[in-house]
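# Remarks on the overall topology
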Amino acid sequence: MRLIREFEEHCLEKALAGTIVGGIHPYIGQEAVAVGVSAHLRADDVITSTHRGHGHVLAKGADPKRALAELYGASTGLNRGRGGSMHAADVGLGIYGANGIVGAGAPIAVGAAWAARRAGHDDRVAVAFFGDGALSQGVVLEAFNMAALWSLPVLFVCENNGYATSLPVDRGLAGDPVRRAAGFGLTAAAVDGMDVEAVAEAAGQAVAACRTGAGPHFLECATYRFHGHHTVEHLMGTKYRDDDEVAGARARDPLTRQRARLAPEAADEVDAEIAALIAEAEAFASSSPGSDPRDALDYLYAGTVPARPGA
Ligand SMILES: Cc1ncc(C[n+]2csc(CCOP(=O)(O)OP(=O)(O)O)c2C)c(N)n1
């Protein structure tokens, strides 16, 4: 969680300064979800992510140096600087991409689970992370249907942070997410997404059940993003949330809650280790060469992709 928080704080600063072109969608506040779920994932499992994807990508094991370089548009980035903040992927690590299209990762995860089964990897799990706004995208409901119909090992993780851009969830979403997923035959539950241990416990059960053929699962994680939807919101001073509401969520900061459970020396050690990693990532990313505009048309079509671990 600390790595994601520090990475994101760094990116926020760089995006507001214009070093990261195009801005970012900060994940700050939601770290417990990516970490609690990913704690149960193996290298050969697959994740799909969203426009708010730095946390998922780092939690699945992406190299922070290459992740930051990607945001800097550098040729050393995860995707040679062509994906940027919203499209970071590392197929070799089972990261099938952050995705700027709301809900688009869900059917990709279903496809990955189906492909794994076809290849005989019955205990490989695919996880689709998405926001509450994605629950009303038709493609997500189609993904629920197919995963349930074929009893695929997919864990759908809905990060309900209360807003789709500036639209409050109670004005955009009919009914209850858990009941909606259960209506498709998914095993569905809700959990406190601001508590990493609660998320880890619920996700652990769901992932284990997926691995043993119990079919698709759905986890609604109640969380909150501490910052705006996108850095443009910071620059414009857009406001649609009460200060009290944001302060209330910050009082439940998952990092503070987890720190209280750790020995102070252990927490300090983690802080020092992460500070060094971020400094190293910044040195690497800022000294890396940019992509060459002359090869802009390269890599549009897949040639070979890196072998999957355990393939
Ligand atoms: C298919 C599609 N519709 C609309 C958008 C514009 N859009 C980008 S992010 C966003 C809100 C998404 O909200 P949510 O899924 O709850 O995720 P969060 O931003 O809260 O993490 C919207 C509507 C888009 N990118 N793709």
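What comes next concerns the included structure.

Thresholds, definitions, all that
- Residues numbered from 1 in each chain as written.
- Predicted model: local features only at pLDDT ≥ 70, side-chain atom pairs only at ≥ 80, totals over all residues.
- Heavy atoms only, no water.
- Salt bridge = Lys/Arg side-chain N within 4 Å of Asp/Glu carboxyl O.
- Helix = DSSP H or I, 4+ residues; strand = E, 2+ residues; numbered from the N terminus.
- Buried < 20%, exposed > 50% of the residue type's maximum accessible area, 1.4 Å probe, protein only.
- Core = buried A, V, L, I, M, F, W, Y, C linked by side-chain atoms within 4.5 Å.
- Contact = heavy atoms within 4.5 Å.
- 1 Å grid on protein atoms, 1.4 Å probe; cavity = no way out; pocket = protein on both sides within 12 Å on 5 of 7 lines; lining within 4 Å.
- Points joined across faces, edges and corners; volume = space filled by probe spheres on them.
- Nonpolar A, V, L, I, M, F, W, Y, C, P; charged D, E, K, R; others polar.
- Pairing = 2+ DSSP bridges.
- Right-handed = clockwise from strand over helix to strand, strands pointing away.
- Axes fitted to C-alpha atoms, helices over the stretch in contact; angles between N-to-C directions.
- Parallel < 35°, antiparallel > 145°, perpendicular 65-115°, else oblique.
- Left-handed = near helix turned anticlockwise from the far one by under 90°.

Oppositely charged side chains are able to pair whenever their charged atoms sit close together. Counting across every chain of the model gives 17 salt bridges. Where Asp192 meets Arg257, a salt bridge forms, and the shortest distance between an N and an O atom there is 3.1 Å. Taken together, the residues Asp192 in strand 6 (residues 187-192) and Arg257 in helix 12 (residues 254-259) connect sequence positions 65 residues apart. Looking at Asp192, the relative accessible area reads 29%, which means it is partly exposed.

Nonpolar side chains in soluble globular proteins tend to end up buried together. Within the largest apolar cluster, 51 residues are counted, with the highest numbers of intra-cluster contacts made by Val37, Val127, Leu155 and Val157. Residues within four places of Val157 in sequence aside, it is in contact with Val33, Val37, Val127, Ala128, Phe129, Phe130, Leu219 and Cys221. Formed by 24 residues, the second largest nonpolar core is a distinct cluster that contains Ala134, Leu135, Cys158 and Phe218.

Attention shifts here to the layout of surface pockets. The calculated volume of the largest pocket comes to roughly 700 Å³. Together, 26 residues line the largest pocket, and Asn79, Arg80, Ala89, Val91 and Tyr299 are the ones closest to its centre. Per-class residue counts for the lining of the largest pocket are 13 nonpolar, 8 polar and 5 charged. Size it by volume and the second largest pocket reaches roughly 320 Å³.

What follows covers the pairing of strand 7 (residues 217-222). Across the 6 residues that make up strand 7, a large majority, 5, are buried. For strand 3 (residues 154-160) and strand 7, the ladder comprises 6 bridges, and the chain directions are parallel. Bridge pairing links Val157 to Leu219 in strand 7. Inspection of the sheet shows strand 6 paired to strand 7 by 6 bridges, in the parallel sense. In the strand pairing of strand 7, Ala190 is matched with Glu220.

Under the definition given, this model contains 1 cavity of 30 Å³ or more. Taken as a whole, the largest cavity spans an internal volume of roughly 50 Å³. Lining of the largest cavity is provided by Phe7, His54, Val57, Leu58, Ala67, Leu71, Leu78 and Ala88. Mapped onto the lining of the largest cavity, the elements with two or more residues apiece are helix 3 (54-59) and helix 4 (64-71).

Looking now at the pairing of strand 3. Within strand 3, 7 of the 7 residues are buried, which leaves it mostly tucked inside the rest of the structure. Where strand 2 (residues 126-131) meets strand 3, 6 bridges bridge the pair, whose relative direction is parallel. Looking across to strand 3, one finds that Ala126 is bridged to Val154. After leaving strand 2, the chain enters helix 6 (residues 138-149) and then returns to the sheet as strand 3, a path that is right-handed.

Time to look at the packing of helix 1 (residues 2-16) against helix 4. Close contact between helix 1 and helix 4 brings their axes to 12 Å; oriented N to C, the two are set at 25°. In terms of orientation, helix 1 and helix 4 fall into the roughly parallel class. The way helix 1 lies across helix 4 gives a crossing that is right-handed. Residues Leu3, Phe7, His10 and Cys11 of helix 1 pack against Pro64, Ala67, Leu68 and Leu71 of helix 4. Broken down by class, the residue content of the contact of helix 1 with helix 4 amounts to 7 nonpolar, 1 polar and no charged.

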